[in-house]
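Summary of structural features
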Amino acid sequence: ISGSFTTIVGVIIWLFTRNPESKELGKREGYLIVTFGWLSMAIFGAIPFVVYGAIPNYADAFFETMSGFTTTGATILVDIEAIPSGLLFWRSLTQWLGGMGIIVLSLAILPILGIGGMQLFTAEVPGITPDKLHPRVSETAKRLWGIYAVLTFAEMILLIFVHLPHVGFEIEESFRQALFHVTSLVTTTGYVSSDYENWAPFSRMFFFVLLFIGGCAGSTGGGIKFARQYLLFQNSALELKRLIQPRAVIPVRFNGKAVSSEIILNVQAFIIFYIGIEVVGSIILSFLGLDFDSAAGAVATCLGNVGPGIGTVGPANNFAHLPDTVKLILAFFMLLGRLELFTVLLIFTPAFWKS
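The rules behind these values
- Residues numbered from 1 in each chain as written.
- Predicted model: local features only at pLDDT ≥ 70, side-chain atom pairs only at ≥ 80, totals over all residues.
- Heavy atoms only, no water.
- Helix = DSSP H or I, 4+ residues; strand = E, 2+ residues; numbered from the N terminus.
- Buried < 20%, exposed > 50% of the residue type's maximum accessible area, 1.4 Å probe, protein only.
- Contact = heavy atoms within 4.5 Å.
- Areas by Shrake-Rupley, 256 points an atom, 1.4 Å probe, with all protein chains shown as cover.
- Axes fitted to C-alpha atoms, helices over the stretch in contact; angles between N-to-C directions.
- Parallel < 35°, antiparallel > 145°, perpendicular 65-115°, else oblique.
- Nonpolar A, V, L, I, M, F, W, Y, C, P; charged D, E, K, R; others polar.
- Phe/Tyr/Trp six-rings, centres within 6.5 Å; stacked < 30°, edge-to-face > 60°.
- Salt bridge = Lys/Arg side-chain N within 4 Å of Asp/Glu carboxyl O.
- 1 Å grid on protein atoms, 1.4 Å probe; cavity = no way out; pocket = protein on both sides within 12 Å on 5 of 7 lines; lining within 4 Å.
- Points joined across faces, edges and corners; volume = space filled by probe spheres on them.
- Core = buried A, V, L, I, M, F, W, Y, C linked by side-chain atoms within 4.5 Å.
- Expected span 1.5 Å × (residues − 1).
- Polar contact = N/O pair within 3.5 Å; in protein donor to acceptor, adjacent residues only side chain to side chain.
- Left-handed = near helix turned anticlockwise from the far one by under 90°.

Attention now goes to the overall build of the protein. Secondary structure assignment for the protein yields 15 helices and two strands. For the protein, the residues scored as buried account for 41% of the 355 residues in total. Intrachain contacts of the protein at a sequence separation of at least 6 include 62% that bridge at least 24 residues. As displayed, the protein offers around 19500 Å² of accessible surface, 69% of which is attributable to carbon and sulfur atoms.

Right under this line is the structure:
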């Protein structure tokens, strides 16, 4: 039912847009296609949950689906194992598809999008400057998805044959739990094996900070990313040297190469926007009834595509108790974080719509 409905809508849209005046995609079209492409996937991807009745509230289903496609890991499901296997597989598939990128997949399997594909690739692929593995964007997309599929299959085989040994030593287990949670949150993976809300008060603040760090440069993990933080801290340190030696030319270097001032300004703008959205989002959620910890934690974990947060959305809880309005706002933050802010924010600027 869901597939048929989605196909019909897709065909109708295609019939009205099959003869465009120009097939060349500019930057503006690229940003629009990527943003609304991801939004459409979440809108239609929520239908199976509603049709079956597993998640009858569409706002909940949309939140769950957006969380899957953006690989956030936040959920409104209280008893996940009660969901039928088919829907559990679809839920897992949304996370798998979003892990590499929906538009990158389209470029790999739909040659018709090869025209102007670089605009779509640039708008979706995270990182400071998107690099290609191959001169042709479609070949880059195929190679990325090939690597992704091989890694997925290898991980599946390892999980089948590897058994976890439970060790009862208190010191070892404490270190293992801490290492697991730090790695999970800093890479925005979102898995938890215990409730860190019950740990020392310092731990809660420490885990809150981890929600902002993110993965490595170019990864589809959320957060600010290590590369941006490295460039920001290095530029700040060099700025102190420039104050002492104003005539000295001291460039910021990354991987042994000088980084242009344009990239430094882009990094600074990104981090300012990121922190600003966190602050404004927390204020909005507080106005809608959430306490400070829960509001700040919910925005941080959804914007960073992490999953668990702090407060009432911590590892022992989920997002089911939140009002529908809050869920829709957080779903928007998931999309913002997955497409790294600028792709979505550009659409709301007047300059974007000027010819």
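Next comes the rest of the account.
For the pair helix 13 (residues 292–303) and helix 14 (residues 324–338), the least separation of the axes is 7 Å and the interaxial angle reads 40 degrees. Considering the angle they form, helix 13 stands oblique to helix 14. Between helix 13, through Ala-298, Val-299, Cys-302 and Leu-303, and helix 14, the contact on the second element is made entirely by Leu-330, Phe-333, Met-334, Leu-336 and Gly-337. Residue composition of the contact of helix 13 with helix 14, grouped by class: eight nonpolar, one polar and no charged.

Glancing now at the packing of aromatic side chains. Across all of its chains, the model carries 14 aromatic pairs by this definition. For the ring pair Phe-212 and Tyr-274, a centre distance of 6.2 Å and an interplane angle of 65 degrees mean the geometry is edge-to-face. One end of the pair, Phe-212, is in helix 10 (residues 201–213); the other, Tyr-274, is in helix 12 (residues 261–287), with 62 residues separating them in the sequence. Of the two residues, Phe-212 and Tyr-274, both sit in the buried class. Arranged with centres 6.2 Å apart and planes meeting at 85 degrees, the rings of Phe-332 and Phe-348 form a pair that is edge-to-face. One end of the pair, Phe-332, is in helix 14; the other, Phe-348, is in the segment after helix 15 (342–345), and 16 residues separate them in sequence. Its relative accessible area of 61% is what places Phe-348 among the exposed residues. An aromatic cluster is present here, built from Phe-208, Phe-212, Phe-270, Phe-273, Tyr-274 and Phe-342 joined pairwise through their rings.

So, about the pattern of salt bridges. This structure, assessed with the given rule, holds six salt bridges. A salt bridge links Lys-225 to Glu-340; its shortest N-O distance comes to 2.7 Å. Taken as a pair, Lys-225 in the loop between helix 10 and helix 11 (226–244) and Glu-340 in the loop between helix 14 and helix 15 lie far apart in primary sequence, 115 residues in all. Per residue, the accessibility class of Lys-225 equals that of Glu-340, and both read buried. Of the charged contacts, one joins Asp-324 and Lys-327 as a salt bridge, the two residues approaching to 4.0 Å between their closest N and O atoms. Of this pair, Asp-324 and Lys-327 both sit in helix 14, three residues apart, which is roughly one turn of the helix. In this structure Lys-327 comes out as buried when scored by relative accessible area, which is 2%.

In this structure, Asn-305 is a non-glycine residue whose phi angle is positive, near 55 degrees. With respect to the secondary-structure elements, Asn-305 resides in the loop between helix 13 and helix 14. What makes Asn-305 buried here is its relative accessible area of 0%.

Here the focus is empty space enclosed by the protein. This structure, assessed with the given rule, holds two cavities of 30 Å³ or more. There is about 40 Å³ of room inside the largest cavity. For the lining of the largest cavity, the element with the most residues is helix 4 (residues 58–69), which contributes three residues. When the residues that make up the lining of the largest cavity are grouped by side-chain class, the tally is one nonpolar, four polar and two charged.

The subject of this paragraph is the nonpolar core. Ranked by internal contacts, the top residues of the largest apolar core, which has 64 residues, are Leu-285, Phe-319 and Leu-330. For Leu-330, the contacting residues outside a window of four places in its chain are Phe-63, Leu-285, Ala-298, Val-299, Cys-302, Phe-319 and Leu-322.

Compared with the 16 Å implied by 1.5 Å per residue over 12 residues, the 16 Å span of helix 4 between its first and last C-alpha is a close match. Counting buried residues in helix 4 gives 11 out of 12 residues, a clear majority hidden from the surface. Residues of helix 4 that are buried include every one of Ala-59, Asp-60, Ala-61, Phe-62, Phe-63, Glu-64, Thr-65, Met-66, Ser-67, Gly-68 and Phe-69, and no others. For helix 4, the N-terminal cap is Asn-57; the gap from its side-chain oxygen to the backbone nitrogen of Ala-59 is 3.1 Å. Residue Thr-71 follows helix 4 closely and has a positive phi angle near 55 degrees.

This brings us to the packing of helix 12 against helix 13. Closest axis-to-axis distance for the helix 12/helix 13 pair is 8 Å, and the angle between their directions is 135 degrees. Regarding the angle of helix 12 to helix 13, the classification is oblique. Considering the relative orientation of helix 12 and helix 13, their crossing is right-handed. Taking contact as the criterion, the partners of Tyr-274, Ile-277, Glu-278, Gly-281, Ser-282, Leu-285 and Ser-286 in helix 12 are, on helix 13, Ala-295, Ala-296, Ala-298, Val-299, Ala-300 and Leu-303. In the contact of helix 12 with helix 13, the residues fall into nine nonpolar, three polar and one charged.

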